[in-house]
Each structure stands twice: as C-alpha cells, then as structure tokens.
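# A closer look at the structure
Take a look at the letters that make up each chain.
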Amino acid sequence: MFDWVEAMQCSKCRQDAIIWQRYSGLHLCREHFVADLEAKAKREIRQKRMIASGDAIAVALSGGKDSSALLHFLTKTFGKRRDVSIFALTVDEGIAGYRNTDAARRIAEECGAPWHCVSFKEIVGTTTDRIVQTRGDALSCTYCGVIRRHCLNAAARSLGATKLAMGMNLDDEAQSVLMNVLRGDAERLVRTTAPVPGVVPRIKPFAAVPEREVALYAILRFGIFREGGCPYAHNALRADVRGLLNDYGYRHPATKYALKNLGEYLPGVCTGKTSELRVCPECGEPCGDTCRSCHLVREARGG
Ligand code: SF4
C-alpha cells in the first residue's frame, strides 16, 4: 500500500524515510511525515475557516483508520484549547459481525475524548441487517448512508455540537467529484453548501490528505487496524472509480488534487441553487420536499 523506501534518507533530514510522496517527490521520515500531514490538515482548516472559538466538535468515529486518525489529530491540535471542545460520536448501523463499537470506544479513550454512541435501532427503529432481510441487499448502501447521515446529524445536534467532523480524505473527495461527472449529476456538482438551520455544519480536515497517508498516520499512532469489510458493500461505481483514479493518478500524481479543486470551484462559478429545506413533521430533521430518511425507513418496513 505504501511506497516504502528502503535505505532512502528523508529529504529534510538524515533519518530513514518511511514514505515517498510521488506527487511532491519527497522522501519523509516519521517525524517529517507527521509534520507534513498535520500541516496539510491545518491549512485546510484555516483556508475553509472550519473551526472557530466556542466550537463543540463532534467527530464521527467508526473506529476505522480515517476517523481514528482524525480524532487523534483534532485532540492533539485542539485538545488543550479551552474555547474548543471535542467529543467522539459513533453510529451503530446494526450490521452483525462488522460494526465494532468497542474499537471506537477504545480509540476515543486513548485520545481522551468523551464518547457517545447511538444506533439506527434507537433513532429510526430498525437496523441495516433488518433492512437487508426485508428489502434485499442491492440498495443496502443507499438505505444505510441516508439513515447514517440522519442519525449523525440528529445525535450531534442533540449533544450540542456546532461542527460535525468527518474523516473523508483526498481520495474520497476526488472519487465523489468523478462519480458525479460520470453520472452526469450536474446538480450535485454545483450545489452550494450554505448553512441550513438544524443541520450541523460538516467539516473535513483531511480533505487534502491522500488516503494512504491518513492510513499511515493512523497506523503510526494506533498500530495495525483489523478492519473487516462490510458484508453489504455493493457500491460498484465507487470501487470502479477508485481503481481508475489510483491507476491514472499513479501516472499523473496531481489528478486527485485537480478533481478536489474542481469540486470546490464549480459551486462558486455556477448559479447552483440551494434546495429549500424544511423540518420533517415525522422525525424533526431538516429535509427537502420529502424526507428521504423517513421515506426509506417506511419503505424498509414495507409501508
Ligand atoms: Fe452501510 Fe454500505 Fe457502508 Fe456497509 S458499505 S456500512 S451497508 S454504507
């Protein structure tokens, strides 16, 4: 996974390098790799004005590499600030043998962050396993993704969060832009992210950090992760786009950054309309004309 470099020295000091950044041409030792990653994330936070005095940041923590790395970075960087508070928030989708909330709790403990856990069962009264049993698994990720967003927002808001930090990395961002292009989904490409009452604003501090660097950062801090794959992972388009981008990006190292920049640029130059939101009378969450989460939960129950 990593471009491990044998007997190469760090481009910034004489220590052994642990990674080679193809896009920058740099070999980096552990110390300079960590400093480089944290500088990228801090720059992203500064440029997007993600964090301000008085913020209570809920970090969406699955217990996997990306979210664990993010919680570590945020508690390390902002943990001593009295005007910013940080807590971890885990959502249990109810997938037997996959979602291990104990791992998330341990990571939160190691980072010294209060930990909260909510479940699909308690918030919408069903689980992903149950949905798959009744509806089949072809659309499992659609149901699961919409309901998880609903649960994260509802829980973060009720816990008083002013920001919801997500562990998405550069690869995730680039994949999302390319997927929207391939689907011809112009509306998503130009949609603006104006603040909406009831929606806790999301921040993505690792959006400029490549996936493999986030993974290495997590492993250096927590050791090897034993993550089993979700049994319902059927998102074929994302898997295809991931392979395509990794292959193309190997030969053209700036591609992922170019796609991320495109995704940020388009909403500013297009007259992207922000959809009007209202409060769903059933669940109390912000929604468009119809509440997608309630619709899917009703569908899953056979209603
Ligand atoms: Fe949910 Fe799909 Fe992710 Fe599994 S792969 S946790 S079903 S979104």
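Scope of this entry: the structure provided in the associated data block. (Residues numbered from 1 in each chain as written. Predicted model: local features only at pLDDT ≥ 70, side-chain atom pairs only at ≥ 80, totals over all residues. Heavy atoms only, no water.)

Turning our attention to the packing of aromatic side chains. Each aromatic ring pair is described using two quantities: the centre-to-centre distance and the angle formed by the ring planes. Throughout the structure, instances matching the rule amount to four aromatic pairs. With 6.3 Å between their ring centres and 85° between their planes, Phe-206 and Tyr-217 make a pair best called edge-to-face. Of the two residues, Phe-206 sits in the loop between β7 (202-203) and α9 (211-222) while Tyr-217 sits in helix α9, which places them eleven residues apart along the sequence. Here Phe-206 matches Tyr-217 in class, with each residue buried. Aromatic rings pair up to connect Phe-73, Phe-206 and Tyr-217 into one cluster. Positioned over the ring face of Tyr-250 is Arg-22, at 3.8 Å from the centre of the ring. (Phe/Tyr/Trp six-rings, centres within 6.5 Å; stacked < 30°, edge-to-face > 60°. Helix = DSSP H or I, 4+ residues; strand = E, 2+ residues; numbered from the N terminus. Buried < 20%, exposed > 50% of the residue type's maximum accessible area, 1.4 Å probe, protein only. Lys NZ or Arg CZ within 6 Å of the ring centre and 35° of its normal.)

A few words now on the pattern of salt bridges. This model, assessed by the stated rule, comprises 21 salt bridges. Where Glu-109 meets Arg-105, a salt bridge forms, and the shortest distance between an N and an O atom there is 3.3 Å. In this pair, Glu-109 and Arg-105 both sit in helix α3 (residues 101-111), four residues apart, roughly one turn of the helix. Between Lys-260 and Glu-264 there is a salt bridge, with the nearest N and O atoms lying 2.9 Å from each other. With Lys-260 and Glu-264 both in helix α11 (residues 255-269) and four residues apart, this pair spans about one turn of that helix. Lys-260 gets classed as buried once you look at its relative accessible area, which sits at 7%. According to the relative accessible area criterion, Glu-264 is partly exposed, its value standing at 36%. Several salt bridges converge on common partners, so that one network encompasses Glu-44, Lys-48, Lys-260 and Glu-264. (Salt bridge = Lys/Arg side-chain N within 4 Å of Asp/Glu carboxyl O.)

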